[in-house]
Amino acid sequence: MLAAELAGRARPFVSRAGPCVMVAGLGNYGLQGTRHSVGMAVLDRLARQLAVAEGWRTDRRCCADVALATARGLDLVLLKPRRLMNINGLSIASAAEIYNLHPEDIYLVHDDLDKALGKVAIKLGGSARGHNGVRSCISALHSNEMTRLRIGIGRPEGKVTVSSYVLAPFSAGERERLEQVLAQAATCLLEHILQRRARAGEPGDRG
């Protein structure tokens, strides 16, 4: 409901004049479609919901693909680092400087081994919990205040190693469910951003 309402209102913007939030999808650039890069897939789905799917541009200043949108007057910077997972934080820190954002203005979207596929959860700050992409962001931003949207991918079975599991594409069975998971994650993320801003009394969240 919310996504459908906002899709017609979302529009690209050139520069930020009001409240702004950055949403970064963590992953290995060039390895889209793998479990470890599901955060980037969520960003693609979010861009579709906000009607800016054709708006991705490469920004060499932060070595990332960036799409800009607005939702209810709130400027959104959607970002996919053009780097490997363990140095994603360099792109996010550079973008935070470009857009004059603080760690609490940033959402990180990433995979979570400890949750089954289809499980989505918001985490407010805290440790990296073993996730190299999140660890990179904490190091580069000198803060752990970023909000995280964790997307469950489950754990490998049998003798499959964690590294080979996360770097592999989703199975055929998982792909059947994936579109629903991505839509759920994008909607959850957008609702959280707007509700959080509304509670904070930001002018961009009224109406």
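Here's a quick rundown of the structure. Note that the coordinates shown come from a computational prediction; the quantities given were computed from them, not determined experimentally. (Residues numbered from 1 in each chain as written. Predicted model: local features only at pLDDT ≥ 70, side-chain atom pairs only at ≥ 80, totals over all residues. Heavy atoms only, no water.)

Some remarks on the overall build of the protein chain
Looking only at helices and strands, the protein chain features six helices and seven strands. Of the regular secondary structure in the protein chain, the N- to C-terminal order runs α-β-α-β-β-β-α-β-β-α-β-α-α. Considering the protein chain as a whole, with its 207 residues, one finds that 53% of them fall into the buried category. Considering only contacts in the protein chain between residues 6 or more positions apart, those separated by 24 or more positions represent 72%. (Helix = DSSP H or I, 4+ residues; strand = E, 2+ residues; numbered from the N terminus. Buried < 20%, exposed > 50% of the residue type's maximum accessible area, 1.4 Å probe, protein only. Contact = heavy atoms within 4.5 Å.)

What about the pairing of strand β4 (residues 74-81)?
For β4, the buried fraction is high: eight of the eight residues fall into the buried class. Note that strand β1 (residues 20-25) and β4 share five bridges and pair parallel. By the bridge assignment, M22 is partnered in β4 with V77. Examined bridge by bridge, strand β3 (residues 64-71) and β4 share eight bridges and lie antiparallel to one another. In the sheet register, A67 faces β4, and the bridge partner there is L78. Once β3 ends, the chain turns through two residues before running back antiparallel as β4, passing R72 with a positive phi of about 50°. (Pairing = 2+ DSSP bridges.)

What to know about the layout of surface pockets
Volume-wise, the largest pocket comes out at about 440 Å³. Lining the largest pocket are 25 residues, and of these H36, L113, G130, H131 and N132 lie nearest its centre. Listing elements by their share of the lining of the largest pocket, those giving two or more residues are β5 (106-112), α4 (132-141), β7 (147-152) and α5 (162-166). (1 Å grid on protein atoms, 1.4 Å probe; cavity = no way out; pocket = protein on both sides within 12 Å on 5 of 7 lines; lining within 4 Å. Points joined across faces, edges and corners; volume = space filled by probe spheres on them.)

Digging into the nonpolar core
Membership of the largest hydrophobic core comes to 36 residues, with the highest contact counts inside it found for V23, L50, L76, L78 and I151. Sort the elements by how many residues they give to this core and helix α6 (residues 172-200) lands first, with nine residues. Grouped together as the second largest cluster of nonpolar side chains are 23 residues, L68, V77, M85 and Y99 included. (Core = buried A, V, L, I, M, F, W, Y, C linked by side-chain atoms within 4.5 Å.)

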